[in-house]
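Per-entry structural report
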Amino acid sequence: VWQWYGDDANAVRTFTGIVDQVIPARDPDHLVLQCRDRMAIAIDEGIELRAPQHADEDGADRTTDNYVYLGMEVSDIVSDLLDKVGWIDVDRDITPTSYVVDEFLGDDGESHLAAIKRLLVLVGYGIRADETGIAVVRPRRAWRWGTRLWAGWRLLQRVQDRLAAR
């Protein structure tokens, strides 16, 4: 949605979400728009598994097409999940995590956004759609919220490193 007064050169983008419904009002000069943030596309699209995911199950499909991610970097998994809901590459700003997970499985019926958030908790990152509709993935501490989560995760990592060094 672009808004301005007078000259078109004064246009300012004020909304980049999704229009769910347009409701005409009794007054012909008015419309009611029911809208949501652009992140709605990742909420609406649920994961549908094509086959079992676990290696010990008959007919298991251990590919990314079946939401099985093996030995992949977290940012790459997030990109694949955004690909699956149709979020185009140019509308993404993903800060690489450099953290590789051994195995990540999407849950049947889970929204793509829920899977992304479940994955990003591992690295203290968050996701949001900014005011221009860009999917932004970065450390939570960069947004000045979630600092406690980040600090807790770092403390856990230090404890695990010390235990492993023994």
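Each remark here, short or long, concerns the structure printed above.
Note that the coordinates shown come from a computational prediction; the quantities given were computed from them, not determined experimentally. (Residues numbered from 1 in each chain as written. Predicted model: local features only at pLDDT ≥ 70, side-chain atom pairs only at ≥ 80, totals over all residues. Heavy atoms only, no water.)

1. Observations concerning the nonpolar core
What counts is decided by this rule: Buried Ala, Val, Leu, Ile, Met, Phe, Trp, Tyr and Cys residues form a nonpolar core when they are joined through side-chain atoms within 4.5 Å. Residue exposure (1.4 Å probe, protein chains only): buried if accessible area is under 20% of the type maximum, exposed if over 50%, otherwise partly exposed. Note on definitions: a residue-residue contact is assigned when non-hydrogen atoms from the two residues lie within 4.5 Å.
One finds Val78 and Leu120 to be the most contacted residues of the largest nonpolar core, which totals 26 residues. The contacts of Leu120, once residues within four sequence positions are left out, are Val74, Val78, Tyr125, Gly126, Ile127 and Val137.

2. Regarding the side chain of Gln53
The condition is simple: In DSSP terms, a helix is any run of H or I states spanning at least four residues, a strand is any run of E spanning at least two, and both are numbered starting from the N terminus.
With respect to the element layout, Gln53 can be found in the loop between helix H1 (40–44) and strand S5 (68–73). Take Gln53: its relative accessible area is 7%, and that puts it in the buried class. With residues up to four places along the chain from it excluded, the contact list for Gln53 reads Ala60, Asp61, Arg62, Asn66, Tyr67, Val68, Leu105 and Gly106.

3. Observations concerning helix H2 (residues 74–84)
Every α-helical turn comprises 3.6 residues, leaving residues that sit three or four positions apart pointing alike. Cut-off, in case you're wondering: The term polar contact refers here to a pair of N or O atoms within 3.5 Å; inside protein, the definition further demands a hydrogen-donor-capable atom paired with an acceptor-capable atom, and it admits residues adjacent in sequence only when both atoms are side-chain atoms.
All of the buried residues along H2 are Val74, Ser75, Ile77, Val78, Asp80, Leu81 and Leu82. For H2, the elements touching its buried residues are S5, strand S6 (92–94), strand S7 (100–105), helix H3 (112–120) and strand S9 (135–139). Its side-chain oxygen 2.9 Å from the backbone nitrogen of Ser75, Glu73 forms the N-cap of H2. Gly86 sits one or two positions beyond H2 and adopts a positive phi of about 85°.

4. Here's the deal with the sheet that holds S9
Where we set the bar: One bridge is not enough; two strands pair if DSSP finds at least two bridges between them. Axis definition: a line fit to C-alpha positions, over the contact stretch in the case of helices; interaxial angles, taken between N-to-C directions, run 0 to 180 degrees.
The three strands lie next to each other as S6-S9-S8, forming an open sheet whose pairing is mixed. Two strands bound the open sheet, and with one partner strand each, they are S6 and strand S8 (125–129). Direction aside, the axes of adjacent strands within the sheet are offset by 15° on average. Summarising the sheet, S8 and S9 pair through five bridges and their orientation is antiparallel. Following the sheet pairing, Ala129 is matched in S9 by Ala135. Together, S6 and S9 form the strand contacts of H2, whose direction differs from that of S6 by roughly 160°. Packing against the sheet, H3 makes contact with S8 and S9, and its axis sits at approximately 150° to S8.

By themselves, these observations are geometric and do not establish any function.
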